[in-house]
Amino acid sequence: METGSDPARPDPFALVMRVGNALRLSAVNVPARRLGLDAGMTLADARACVPSLLTRPADPVADARALDRMAAAMARFTPTVGVDPPDGLILDITGCAHLFGGESGLARQAMALAGYGALHALASNAAAARAMARYGPEGEAEGEDGVRRLPLAALELDCDALAALRRAGLRTTGDLARLPMRAVAARFGEETVTRLRCLLGEAASPVAPRPARSPIRMEARFAEPLIRTDDVLDVIESLLVQAAREMEIRQAGGRRFVVELCRSDNARRGLMVETGQPVRDCAVVLRLLRERIETLADPLDPGFGFDSVSLAVLRAEPLPSSQPELGAGEGRDAPPDGLAALIDRLSVRLGPQNVFRLVPCDRHLPEKAQQPVPASRARGIAWPVDGDRLPRPLMLFDPPQQVEAIAGVPDGPPQRFRWRGRLHDVRLAEGPERIAAEWWRKRTGHFPGKAGPTRDYYRVEDMAGRRFWLFRHGLFAEKPDPRWYLHGLFA
Amino acid sequence: MNGTQDGPRFAELVAASNFSFLRGASHPAGIVAQAHALGMAGIGIADRNSVAGVVRAHIAWKRLGGPGASGVGRAFRLIVGARLVFADGTPDIAVYPATRHGWGRLTRLLTLGNLRAEKGGCELRLADLLDHARDVALIAMDGDAALLGALGEAVPRLWLAATMPRTGRDARGLARRMALSEKAGVPLIATNDALYATPDDRPLQDVLTCIREGLKVQTAGRRLAVNAERHLKSPAEMARLFRACPQAVAATGDLLDSIAFTLDDLRYEYPHEPVPEGWEPQGWLEHLVMEGAKVRFPDGLPDGYRRVLDEEFGLIRARGYACYFLTVHDVVHYARGLNPPILCQGRGSAANSLVCYFLGVTPIDPVKEKLLFSRFLSDERNEPPDIDVDFEHARREEVIQYIYRRYGRDRAGIAATVIRYRQRSAIREVGKALGLTEDVTARLSGTIWGSWGGKELPEARLAEAGFDPANPELARLRDMVDRLLDFPRHLSQHVGGFVLTEGRLDETVPIHNAAMPDRTFIEWDKEDLEAIGLMKVDVLALGMLTAIRKSFDLMRDHKLGDYDLRNVPREDAATYRMLQRGDSIGAFQVESRAQIAMLPRMKPRELYDLVIQVAIVRPGPIQGGMVHPYLRRRNGEEAVDFPGPPGEMRDVLDKTLGVPLFQEQAMKLAMVAAGFSPAEADGLRRAMATFRNNGTVHHYEEKLVEGMVRRGYPRDFAERCFEQIKGFGEYGFPESHAQAFAWLAYVSSWLKCRYPAVFTCALLNSQPMGFYAPAQLIRDAREHGVDVRPMDVNASQWDNTLEGERVLRLGLRQITGFREEWAERLKTARPVSGLEDAARRAGLTSRALHLLADAGAFGSLGCNRREAGWEARRVPAVQLPLFAAFGAPELGKEPEAALPAMSPQEEVVADYQTHRFSLKGHPMQFLRGRLTARGVVDCATADAARDGAKVRVAGVVLVRQRPGKGNAVFITIEDETGIVNALLWARDMERQRRAVMAARLMVIEGTIQRSKEGVVHLMADHITDASEMLDGLTDGSSGASGPVCGDSIRLPPHPRGERSLRGHPRNVRILPRSRDFH
């Protein structure tokens, strides 16, 4: 199965990967292959042949994920689906084929489902099918005869052994199978013989099925519909307990919980809560659900009552079980991260898009040195604590407020400035702290004088002892009459 | 330049140049020029643990008019030193030697750090500085009272740096420094700790930081400098910044005044050793030369020689170069005195010297050849002589280690080569720093063919690679690449330039460990050494000398004659007849495609013709369009006339029929015809040789062309002369050098003509070298009647051997991957009776057995390649002791495997796979039937076709080349009948690029072009890739039957997983890679 090639794309295209010191192609599409490119070539060689080759970096992790998804999808044909990384699937269709119109019908449907430029083969054992799909001719008679006509490469021996076999005049697996196995084992090892016997069906080649993972979903149905919200919550709690048990087994924690309430008139109502961190603790989720219900714009309307309640954990992340501490109690059992819990509750109440945290950004420009991100996504923020950092005001104006200032030429501190109509006489000043513009963010910023104005920051204190942070926007060499701005207030 | 200063006396004394690799963002010359323009009193260059850039600064400073010049220049000082960066946490300290002695202490200190560290580093500790601090001035960049106290005890001249970097707390910092200065009693000195000349250099400095730290500018954040303040600032500006502490600015003047040292004080002394007791160097040199003269002219010196000798002796005496010549003589003498001796021969301009000829350093008699000594040494050019000597490439290391032994590592070192940013490296690294993906930069640098692309990133190339040249990202990349080009990147060792001194070398220049074991090199490169006046001896490696020496040895061993480089019969007619046919594969210098094509047109008849032959196929004459005029004149199709005023050029151009071909002729032309002074002419040559001198080159162009036109030369001729000089700049080829090489070309041709088996044997034993792979050399030998015998386990040595005057036995070294020690062990066990016997008695490993079996080396034992290969996989590497004790075979009988018989084509293919040639045939012959059916003729037929014939010919690709400006691609293909040389114009290349670049087996359709000298080219129109026919050979599906696998869309099976990314298994490639351009 060729992941990464897209027959619809007309241009030669390849994925590249760094191997050692060279960039090499790791997969190519059909147009590229027609031009003679193949996996394993260096990018430089490939470009010498096809200068227009489009490339993207290979992503083996994403490939593996895609293959896993495809394997999951194949579960509709047979419960026994084996993954053959990096790019193969093995389906044991014993006893399943008749459900899909016979073997060829099943194959056709499976290919359609797989997408990509997939290749397949049918054989009486997994090793043979795998070899036929990868090394066999397309559309030829299958079965043991076909296996014996496979090239020796199908054994996937190391290059050295393969070359030796070829030099011995052997071309196909059938040629090799005719030789005394003792002689083969003496030269190429027992492993070679085993592989050959697997291909020929003389030794077993079992399929290791991919373990199926069903989503965590609990449901409760009632003969008598529930009317009261508290009853509903009780049911949800018991479902949560079951879900937590399941999550404990899977070493996972939920991040998105969806409750679905089904009314007797078949109207459905969904409730969703999300957490900033994976949780298994029923109480936490239940509290969030309560908040959710309380803040609903149109409250829960039981009508003639709910006759089923289901709970699904739609998004789960790994969460190892933790060992409860000895001597727990006395308040030590409190939720480990109060801030996370607060964020979760605020997010539920205000909407996750309305709760932010500031994260530090590695930039010199003061207003860019931090950035608000949705609090639910901001985890593990560490603000640098280095004592040598220059003081920054707690309050920053965005945008900075223009002021009128009188200052020494060319780079003296402001002596007096007018802000919001009030005049401030500067008693003390320190600076300048000179911060240049980020030249790489402007088209022609790398040319002399094109980077944008440089700022000269000053910490000043006026006669009343108030402290301000002002900057001159532009050096005298850059513009003749630079403006002044107030950027922040010190506490 | 501004003479009037509006500020106080100030000098920036802590400036880094771009020899503080990936930190400084200005060339040393740029720093010096800017400091001068700002009206500073001086400038101090201090790079990180290095003095690699100071000579450049010194040259720039002298050009401004250093000492001896009048006016402002005199006031402007340059002091040179280094900024020490310590490994023990001590703050940086800048060191400036005050005297010659101080300089020696500094270079010794740096040497200590260099040799202590791994390659490239310099590991210094404070104690080292305290040990070496004599006669130096120090600037501590930071530090506490304790450090200052310790330094102050060691040196009287100590300052504490104060900077105003505009980081917000400058005033507090300065106040703290002033207090510390007060307390420690160490004066403050104002500096800007400069990293570049002007604030405009900040973007480049940011890019350098990113390259150094492996960052992108977009995400580097606060690891980049916050502002552009670390440039050189004018005295007035510094006075304003330091108005709270004017004494710090004044202190720069104190430091300047305390330093008397300049690099001109490095007075150089040649090593004295080679002079025996009781002789003066000059006397001993003259004695040796006269001894040599007696050998050359036993009947006494002919007329004229004495006069030339006296002139040379006079100049050598006046300059005190006797020791230099003696040193070279000593090295050559040593090489020749070894047993067996190492062949060596001087090259380059030294061949202009009769002294060198009589000393036996060069093979050319300059008087006979009318070569000018002034090309080598002259009163006008105040440069040290430069003698280059070639040694056998396989044994050069012996000479190098002799020099180290003889002079000691503290007196001998290899010169450095400054590795600079070239387009490819600059595009890759700047692109990465600007955040472009590797894919984009690889595609960009992939469009730059070779390094002749010139200075600018060409817009046409961008478009060719599918980029929009107007794209702002690319425009920025182009600008930054442009700025970075020519920046030094790191130091490496020169190929063989040795610097020798009488005193300690490490008191002149710091020494580094080289990447190669047992090598040390110094920090200065060729140009630096020239500027300082240090002597250099080039100990170079030449593969052909190895081959020639091995040829002579073989001839002696087989009683074919006793020859050395000097007594080879001269002017052998048969040798010239061979060369006239263009039959020169393997011969030195005249074996390339272009040379082979030129030979039948030149028709060399004597040695001087070869001199011209090796010089004419060069960028200089080709770019100058001088080749065709010369050939026409030589063939009598055009009258020989001399351009310009009558008689003026006759002397210069007489030997070359009025066409300038050699570098010195072009220079002479500039002097005689355009009125250049010798110094100007030399400046012109230098300007051409270095990159990024476009401004000055323009100036020279105008001066040369206009000068010549004014004096009556045709404009067209003048312009061609200039183009030629430009070509020489990239690849100079003076006549004396051509003379020296022509002699080797002659000797190798003579060997090839008279003793083809000997010559081929020697060439094969000297690989890798030369232009051709063993397969072509062996093929050529067979075509010249040599009986080449296959490798055999009982007959072959490691080396190829002679079994008769024309019988060559291939050696086991021809088996790729075989080892010499295995061959030695095999030799002692001979004769072996079979595989197991070989394994047991010769102790061969299973890999060795495999290689021997695959190579068919057991053929003489009646065991063919297939059986041997099958058997070899079974033989255990080590025999079990019990079997060994009984001498019994360990392996039991096994049932007959009944392998299929090996067809001739399988044999040939296997030959090509294992040793890249076959004595049994050629892969193409097995495809002949199918090719004929497709209307394809063989190479011999194509070569014999009439001029203008349309042919279609196929062959395996030997070489692809795209020489010069790249407007044509040369392709050589081969089949069982011969080779065809095809030429494809670049404009026709793009539409069939893939076939041209990727085909292993190529079908070429085109027109035969036959010159009247009989040179045949195939002018290609259409090229198809028929490589898949080769793949058929291994599957046994070739023949007339068997389907041709065309463009079936079926994806071929591919090897899986990681393994497939590491390259193809050997059997994928039937033929070895061709030798290609990229």
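Residues numbered from 1 in each chain as written. Chains lettered and ligands numbered in written order. Predicted model: local features only at pLDDT ≥ 70, side-chain atom pairs only at ≥ 80, totals over all residues. Heavy atoms only, no water.

J.: For this particular structure, what's the right way to read the overall build of chain A?
T.: Of regular secondary structure, chain A possesses 13 helices and 17 strands. Principal-axis analysis of the C-alpha atoms gives chain A an extent of 105 × 75 × 50 Å. When the 491 residues of chain A are sorted by exposure, 45% land in the buried category. Summarising the internal contacts of chain A: among those between residues at least 6 apart in sequence, 52% fall at separations of at least 24. (Helix = DSSP H or I, 4+ residues; strand = E, 2+ residues; numbered from the N terminus. Buried < 20%, exposed > 50% of the residue type's maximum accessible area, 1.4 Å probe, protein only. Contact = heavy atoms within 4.5 Å.)

J.: Quick question: what am I supposed to make of the overall build of chain B here?
T.: Assigned secondary structure in chain B consists of 46 helices and 23 strands. By residue count, 58% of the 1078 residues in chain B fall in the buried class. In chain B, once contacts between residues fewer than 6 apart in sequence are set aside, the share between residues at least 24 apart is 71%. Accessible area for chain B stands at about 42,700 Å²; split by element, carbon and sulfur atoms hold 51% of it. (Areas by Shrake-Rupley, 256 points an atom, 1.4 Å probe, with all protein chains shown as cover.)

J.: Which parts of the structure should I look at to understand the nonpolar core?
T.: As a rule of thumb, soluble globular proteins bury nonpolar side chains together. Residue and element names in this part refer to chain B. Formed by 148 residues in total, the largest nonpolar core has its most connected members in Leu129, Ile139, Phe325 and Trp524. Residues in contact with phenylalanine 325, not counting those within four places in the same chain, are Leu285, Ile316, Ser353, Val355, Cys356, Leu359, Phe376, Leu377 and Ile387. By size, the runner-up hydrophobic cluster in this structure holds 124 residues, among which are Tyr713, Leu777, Leu812 and Leu844. (Core = buried A, V, L, I, M, F, W, Y, C linked by side-chain atoms within 4.5 Å.)

J.: Looking at this model, I keep getting lost on a nonpolar patch on the surface. Mind explaining?
T.: Residues and elements named next belong to chain A. Residues Leu339, Leu342, Leu346 and Leu350 make up a contiguous nonpolar surface patch of about 330 Å² in total accessible area. On the secondary structure map, leucine 339 appears in helix α13 (residues 338–350). The exposure class of leucine 339 is partly exposed, given its relative accessible area of 41%. (Patch = residues over 30% accessible without salt bridge, like charges linked within 9 Å, V, L, I, M, F, W, Y side chains within 5 Å. Salt bridge = Lys/Arg side-chain N within 4 Å of Asp/Glu carboxyl O.)

J.: Whenever I open this one, the sheet that holds strand β11 (residues 488–500) of chain B confuses me. Can you help?
T.: By way of backbone hydrogen bonds, the strands of a sheet pair with one another, either parallel or antiparallel. Residues and elements named next belong to chain B. Read from one edge to the other, the open sheet built from seven strands follows the order β8-β9-β14-β11-β10-β13-β12, with strand pairing classed as mixed. The open sheet has two free edges, formed respectively by β8 (344–347) and β12 (511–513), since each of these has just one partner strand. Each strand of the sheet is rotated relative to its neighbour by a mean of 45°, with strand direction disregarded. By the bridge criterion, three bridges tie β11 to strand β14 (residues 536–542) in an arrangement that is antiparallel. Pairing of valine 499 across the sheet is with lysine 536, part of β14. Across the sheet, helix α4 (residues 100–116) is in contact with β12 and β13 (520–525); its angle to β12 comes to roughly 5°. (Pairing = 2+ DSSP bridges. Axes fitted to C-alpha atoms, helices over the stretch in contact; angles between N-to-C directions.)

J.: Please clarify how the side chain of aspartate 837 of chain B should be interpreted in this entry.
T.: All names here are of chain B. Along the chain, aspartate 837 turns up in helix α37 (residues 835–841). Residue class for aspartate 837 comes out buried when judged on its relative accessible area of 12%. Sequence-distant contacts of aspartate 837, that is, excluding residues within four places in its chain, are made with Pro831, Val832 and Ala842.

J.: Just to check I follow, could you spell out the sheet that holds strand β3 (residues 54–57) of chain A for this structure?
T.: All names here are of chain A. Taking strand neighbours across the sheet as the criterion, the three strands line up as β2-β1-β3 in an open arrangement whose pairing is mixed. Each edge of the open sheet is held by one strand with a lone partner, namely β2 (22–28) and β3. The mean angle between the axes of side-by-side strands here comes to 40°, regardless of whether they run parallel or antiparallel. Judged from the four bridges that link them, strand β1 (residues 13–19) and β3 form a sheet pairing that is parallel. Within β3, the residue paired with alanine 14 across the bridge is threonine 55.

J.: What is the right way to read the pairing of strand β1 (residues 11–15) of chain B from this model?
T.: Side-chain positions along a regular strand alternate between the two faces of the sheet. Among the five residues of β1 of chain B, five are classified as buried, and the element is accordingly described as predominantly covered. This β-α-β element, β1 of chain B to helix α1 (residues 28–37) of chain B to strand β2 (residues 42–48) of chain B, shows right-handed connectivity. (Right-handed = clockwise from strand over helix to strand, strands pointing away.)

J.: How should the pattern of salt bridges be read in this particular structure?
T.: A pair can form between side chains of opposite charge whenever their charged atoms are brought close. In the structure shown here, the tally under the stated rule is 105 salt bridges over all chains. With a shortest N-O distance of 2.8 Å, aspartate 456 of chain A and arginine 434 of chain A are connected by a salt bridge. Of the two residues, aspartate 456 of chain A is situated in strand β15 (residues 455–462) and arginine 434 of chain A in strand β14 (residues 422–435); the sequence distance between them amounts to 22 residues. Note on arginine 434 of chain A: relative accessible area 6%, which makes it buried. Aspartate 553 of chain B serves as the salt-bridge partner of arginine 549 of chain B, at 2.5 Å between the closest nitrogen and oxygen. Within this pair, arginine 549 of chain B and its partner aspartate 553 of chain B are both found in helix α22 (residues 543–557), separated by four residues, close to a single helical turn. Judged on exposure class, the residue arginine 549 of chain B and its partner aspartate 553 of chain B are both buried. Connected through salt bridges with shared partners, the residues Asp411, Arg434, Asp456 and Arg472 of chain A together with Arg166, Asp170, Glu229, Lys233, Glu237 and Arg240 of chain B form a single ionic network.

J.: Help me understand the environment of leucine 150 of chain A, please; the structure alone is not making it clear to me.
T.: Residues and elements named next belong to chain A. Relative to the helices and strands, leucine 150 is located in the loop between α6 (144–148) and α7 (159–167). Between the C-alpha atom of leucine 150 and that of arginine 256, which follows or precedes it by 106 residues, the distance is 50 Å. Once you skip the residues sitting within four places of it in the chain, leucine 150 turns out to touch Ala131, Met132, Tyr135, Gly136, Arg171, Thr172 and Thr173.

J.: Help me understand the packing of α22 of chain B against helix α33 (residues 735–754) of chain B in this model?
T.: How two helices sit against one another is set out by the angle between their axes and by the gap between those axes. All names here are of chain B. Across the interface, α22 lies against α33 with an axial gap of 11 Å and an inter-helix angle of 40°. Here α33 runs oblique to α22, going by the angle between their axes. The two elements α22 and α33 meet at a crossing, and its hand is left-handed. Residue-level inspection shows Met544, Leu545, Ile548, Ser551, Phe552 and Met555 of α22 in contact with α33, the latter providing Leu744, Val747, Ser748, Trp750 and Leu751. Of the residues that constitute the contact of α22 with α33, the class distribution is nine nonpolar, two polar and no charged. (Parallel < 35°, antiparallel > 145°, perpendicular 65-115°, else oblique. Left-handed = near helix turned anticlockwise from the far one by under 90°. Nonpolar A, V, L, I, M, F, W, Y, C, P; charged D, E, K, R; others polar.)

J.: What exactly am I supposed to notice about the environment of leucine 261 of chain A here?
T.: All names here are of chain A. Within the secondary structure, leucine 261 is located in strand β7 (residues 252–263). By relative accessible area, leucine 261 is classed as buried at 0%. Separated by 41 residues in sequence, leucine 261 and proline 302 have C-alpha atoms that sit 9.1 Å apart. Apart from the residues lying within four places of it in its own chain, the contact partners of leucine 261 are Val232, Ala267, Arg268, Arg269, Leu271, Leu300, Phe306, Ser308 and Val309.

J.: Help me understand helix α29 (residues 663–672) of chain B, please; the structure alone is not making it clear to me.
T.: Every α-helical turn comprises 3.6 residues, leaving residues that sit three or four positions apart pointing alike. The buried fraction of α29 of chain B amounts to seven of the ten residues, a majority that puts the element mostly inside the structure. Here α29 of chain B has its buried residues at Gln663, Glu664, Gln665, Ala666, Met667, Leu669 and Ala670 of chain B.

J.: Is there a simple way to explain the pairing of strand β12 (residues 395–407) of chain A in this structure?
T.: All names here are of chain A. As defined by bridge partners, β12 adjoins strand β17 (residues 483–489) across five bridges and the pair is classed as antiparallel. Pairing of glutamine 402 across the sheet is with tyrosine 485, part of β17. Relative to strand β13 (residues 414–419), β12 runs antiparallel, the two sharing four bridges. Its bridge partner being in β13, alanine 407 is matched across the sheet by proline 414. With antiparallel pairing between neighbouring strands as the criterion, β12 and β13 make up a hairpin whose turn holds six residues.

J.: Explanation requested: unusual backbone geometry in the structure shown.
T.: Peptide bonds are trans in most cases, and residues, glycine excluded, mostly fall at negative phi. Residue and element names in this part refer to chain B. Geometrically, the link from asparagine 339 to proline 340 is a cis peptide bond, its omega value of -5° lying close to zero. Looking at where proline 340 falls in the secondary structure, it is placed in the loop between α14 (322–337) and β8. For the bond from glutamine 767 to proline 768, the omega torsion is 0°, close enough to zero to count as cis. Take proline 768: it is sitting in the loop between α34 (756–765) and α35 (774–783). Its identity as a non-glycine residue notwithstanding, aspartate 486 has a phi of 75°, on the positive side.

J.: Mind showing me how you'd approach the interface of chain A and chain B here?
T.: Reports often express the size of an interface as the amount of accessible area lost when the parts come together. Tallying the contact residues gives 89 residues for chain A and 79 residues for chain B. Note on chain A versus chain B: buried area summed over both sides is about 7,400 Å², and carbon and sulfur give 52% of it. Counting the surface chain A buries against chain B, the share from its top three residues, Arg167, Arg187 and Trp439 of chain A, is 12%. Across the contact surface, chain A and chain B share nine salt bridges. One salt bridge connects aspartate 411 of chain A with arginine 166 of chain B, and the closest N-O pair in it is separated by 2.3 Å. At the junction of chain A with chain B, the criterion picks out 23 residue pairs in polar contact (both at pLDDT 80 or more). Among the elements of the structure, β1, β2, α1 (30–34), α2 (43–49), α5 (126–135), α7, α9 (181–188) and β14 of chain A are those that each provide at least two residues to the side of chain A that touches chain B. For the side of chain A that touches chain B, the element with the most residues is α7 of chain A, which contributes nine residues. (Buried area = accessible area lost by both parts, 1.4 Å probe. Polar contact = N/O pair within 3.5 Å; in protein donor to acceptor, adjacent residues only side chain to side chain.)

J.: Looking at this model, I keep getting lost on the packing of aromatic side chains. Mind explaining?
T.: Both the distance between ring centres and the angle between the ring planes are used here to describe each pair of aromatic rings. Under the definition given, this model contains 27 aromatic pairs over all chains. For the ring pair phenylalanine 19 of chain B and phenylalanine 21 of chain B, a centre distance of 6.1 Å and an interplane angle of 55° mean the geometry is tilted. Residue classification places phenylalanine 19 of chain B among the buried residues on the basis of a relative accessible area of 3%. By relative accessible area, phenylalanine 21 of chain B is classed as partly exposed at 24%. Consider the rings of phenylalanine 818 of chain B and tryptophan 822 of chain B, whose centres lie 5.2 Å apart with planes at 70°: the pair is edge-to-face. In this structure, phenylalanine 818 of chain B and tryptophan 822 of chain B share a single accessibility class: buried. Here a set of aromatic residues connected by ring pairs shows up, and it is made of Phe397, Phe417, Trp419 and Phe468 of chain A. The cationic tip of arginine 459 of chain A hangs over the ring face of phenylalanine 490 of chain A; the distance from NZ or CZ to the ring centre is 5.9 Å. (Phe/Tyr/Trp six-rings, centres within 6.5 Å; stacked < 30°, edge-to-face > 60°. Lys NZ or Arg CZ within 6 Å of the ring centre and 35° of its normal.)

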